[in-house]
Amino acid sequence: MNNLELQKHANDVRKGIVTAVHSAKAGHPGGSLSAADVFTFLYFEEMNIDPADPHKADRDRFVLSKGHTAPGLYSALANRGFFPVEDLTTLRKLGSYLQGHPCIHIPGVDMSSGSLGQGISAAVGMALGAKMNGQDFRVYTMLGDGELEEGQVWEASMFAGFRKLDNLCVIVDNNGLQIDGPVDQVCSPYPIDKKFEAFNFHVINVDAHDFDAIRAAFKEARETKGMPTCIVLHSLKGKGVSFMENSVDWHGKAPNDEEYAVAMADLEKIGAELEKAGEV
């Protein structure tokens with residue numbers, strides 16, 4: 001898939017995020033928007049998946065360790081065809097299958113998650129299981145940078161590095177902000193790359209909003225043997241929505257009607273620019 005197509009899909013994913021959170025009147029837009037490009041790349045290009053057969057045995061697995069950014073995952077899954085895009089407006093509503101954190105009963109979701117620090121352990125178990133059973137699928141897991149303050153992250157990483165799980169790709173969304181403020185002021189996880197290297201990971205630092213760089217990083221991860229890979233995404237929290245960008249205030253709240261209109265206008269403008277670029 002070419003980059004322009006990916007950019008259009010990512011913009012649609014962002015629209016889905018904003019729409020879902022606005023409809024729910026709750027949720028986590030900032031970290032969902034910062035990871036939207038990578039969600040898009042994973043589900044539209046990188047991973048071996050099939051929306052018509054979500055449980056196929058040889059599919060690649062994805063675990064959203066930072067489960068509060070479920071709106072981003074749900075929007076990517078919906079836009080990829082796992083369930084109707086229209087269902088995004090039921091986020092967090094009574095009786096909806098799309099609740100505030102991913103649940104394994106949702107088409108395309110491989111692991112329930114939400115308690116920070118735990119998703120990576122599930123992903124490590126999946127990767128080890130694949131090795132033990134002679135299966136060749138890959139396992140991807142996404143963590144927030146604030147999540148790295150959880151000790152269980154490093155227990156799982158130590159185990160993954162020791163067991164040389166080269167079928168595991170850990171993705172860190174390093175947007176620099178967590179619910180209480182800048183991560184380097186709350187409880188700094190820096191240097192992230194050096195820490196994962198110390199646990200026997202191959203580490204790649206990448207611009208989270210550059211599809212050429214993202215593609216190259218995941219290719220390098222697939223080609224790395226004898227050790228797991230950690231891709232550190234240098235991202236912009238709230239990416240794509242003017243008033244949400246790089247603002248900790250939008251970690252975990254929903255836009256009101258007026259803010260929603262502005263956000264959608266921002267994304268419609270981006271969409272129009274992408275359409276124009278495709279005509280050149």
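You'll find the structure just up there.
Residues numbered from 1 in each chain as written. Predicted model: local features only at pLDDT ≥ 70, side-chain atom pairs only at ≥ 80, totals over all residues. Heavy atoms only, no water.

Peer 1: Any chance you could explain the side chain of E46 here in plain terms?
Peer 2: Looking at where E46 falls in the secondary structure, it is placed in helix α3 (residues 36–46). A polar side-chain atom of E46 sits 2.6 Å from a polar atom in the side chain of R222. For E46, the contacting residues outside a window of four places in its chain are F41, D60, Y140, F218 and R222. (Helix = DSSP H or I, 4+ residues; strand = E, 2+ residues; numbered from the N terminus. Polar contact = N/O pair within 3.5 Å; in protein donor to acceptor, adjacent residues only side chain to side chain. Contact = heavy atoms within 4.5 Å.)

Peer 1: Please clarify how the state of the cysteines should be interpreted in this entry.
Peer 2: Should the sulfur atoms of two cysteines be covalently bonded, the bond is a disulfide. With the rule as written, the count across this model stands at zero disulfides. Cysteine C230 remains unbridged, with the sulfur of C169 as its closest cysteine sulfur at 7.7 Å. Under the relative-accessibility criterion, C230 is labelled buried at 0%. (Disulfide = S-S within 2.5 Å. Buried < 20%, exposed > 50% of the residue type's maximum accessible area, 1.4 Å probe, protein only.)

Peer 1: What is the right way to look at the packing of helix α1 (residues 3–24) against helix α4 (residues 70–80) in this model?
Peer 2: Any two packed helices are characterised by the angle at which their axes cross and by the distance between the axes. Viewed as axis vectors pointing N to C, α1 and α4 meet at an angle of 125 degrees, and their least axial separation amounts to 8 Å. By the angle class used here, α1 and α4 are oblique. For the crossing formed where α1 meets α4, the hand is right-handed. When α1 is examined against α4, the residues D12, V13, G16, I17 and V21 are found in contact with a partner set consisting of P71, G72, S75, A76 and N79. (Axes fitted to C-alpha atoms, helices over the stretch in contact; angles between N-to-C directions. Parallel < 35°, antiparallel > 145°, perpendicular 65-115°, else oblique. Left-handed = near helix turned anticlockwise from the far one by under 90°.)

Peer 1: Just to check I follow, could you spell out the sheet that holds strand β3 (residues 168–174) for this structure?
Peer 2: To summarise the sheet geometry, strands pair through backbone hydrogen bonds and adopt either a parallel or an antiparallel arrangement. Taken in spatial order, the five strands make up an open sheet running β1-β2-β3-β7-β6, and their pairing is parallel. The open sheet terminates on both sides in strands that have one partner only, identified here as β1 (61–64) and β6 (202–207). When the angles between neighbouring strand axes are averaged without regard to direction, this sheet yields 20 degrees. Pairing analysis gives six bridges linking β6 to strand β7 (residues 229–234), with the strands arranged parallel. (Pairing = 2+ DSSP bridges.)

Peer 1: Got a minute to help me understand the nonpolar core in this structure?
Peer 2: Burial of nonpolar side chains together is a common tendency in soluble globular proteins. Counting 55 residues, the largest nonpolar core has L42, Y43, F62, F83, I171, F218 and I231 as its most contacted members. A total of eight residues in this core trace back to one element, the largest contributor, which is α1. When neighbours within four sequence positions are excluded, I171 is seen to be in contact with V38, L42, Y140, T141, M142, L143, F218, I231 and L233. Core analysis: the next-biggest nonpolar cluster, separate from the first, contains 26 residues, A156, L168, V170 and V203 among them. (Core = buried A, V, L, I, M, F, W, Y, C linked by side-chain atoms within 4.5 Å.)

Peer 1: Help me understand the packing of aromatic side chains in this model?
Peer 2: Aromatic ring pairs are reported here in terms of the distance separating the ring centres and the angle at which the planes meet. One pass over the full model with this rule turns up ten aromatic pairs. Plain terms: the ring middles of Y43 and F82 are 6.4 Å apart, the flat faces sit at 90 degrees to each other, and that makes the pair edge-to-face. Remark: F82 occurs in the loop between α4 and α5 (119–133) and Y43 occurs in helix α3; sequence separation between them is 39 residues. The two residues Y43 and F82 agree in class, both being buried. For the cation-ring pair, K253 lies above W250, with the distance from its terminal atom to the ring centre recorded as 4.4 Å. (Phe/Tyr/Trp six-rings, centres within 6.5 Å; stacked < 30°, edge-to-face > 60°. Lys NZ or Arg CZ within 6 Å of the ring centre and 35° of its normal.)

Peer 1: Explain the environment of T89 to me, please; I cannot follow it from the model alone.
Peer 2: Counting through the fold element by element, T89 comes out in the loop between α4 and α5. Sequence-wise, T89 and S23 are 66 residues apart; in three dimensions their C-alpha atoms are separated by 5.5 Å. Those residues in contact with T89, other than ones at most four positions away along the chain, are T19 and S23.

Peer 1: Which parts of the structure should I look at to understand the pattern of salt bridges?
Peer 2: In a structure, side chains of opposite charge can pair up when their charged atoms sit close to one another. Taken as a whole and assessed by the stated rule, the structure comprises twelve salt bridges. For D173, the salt bridge goes to K66, with nearest N and O atoms at 2.7 Å. Of this pair, D173 sits in strand β3 while K66 sits in the loop between β1 and α4, placing them 107 residues apart in sequence. Classification of D173 as buried rests on a relative accessible area of 0%. A salt bridge links K194 to E197; the nearest nitrogen and oxygen atoms lie 3.7 Å apart. Note that K194 and E197 are positioned in helix α8 (residues 192–198) at a spacing of three residues, about one turn of the helix. (Salt bridge = Lys/Arg side-chain N within 4 Å of Asp/Glu carboxyl O.)

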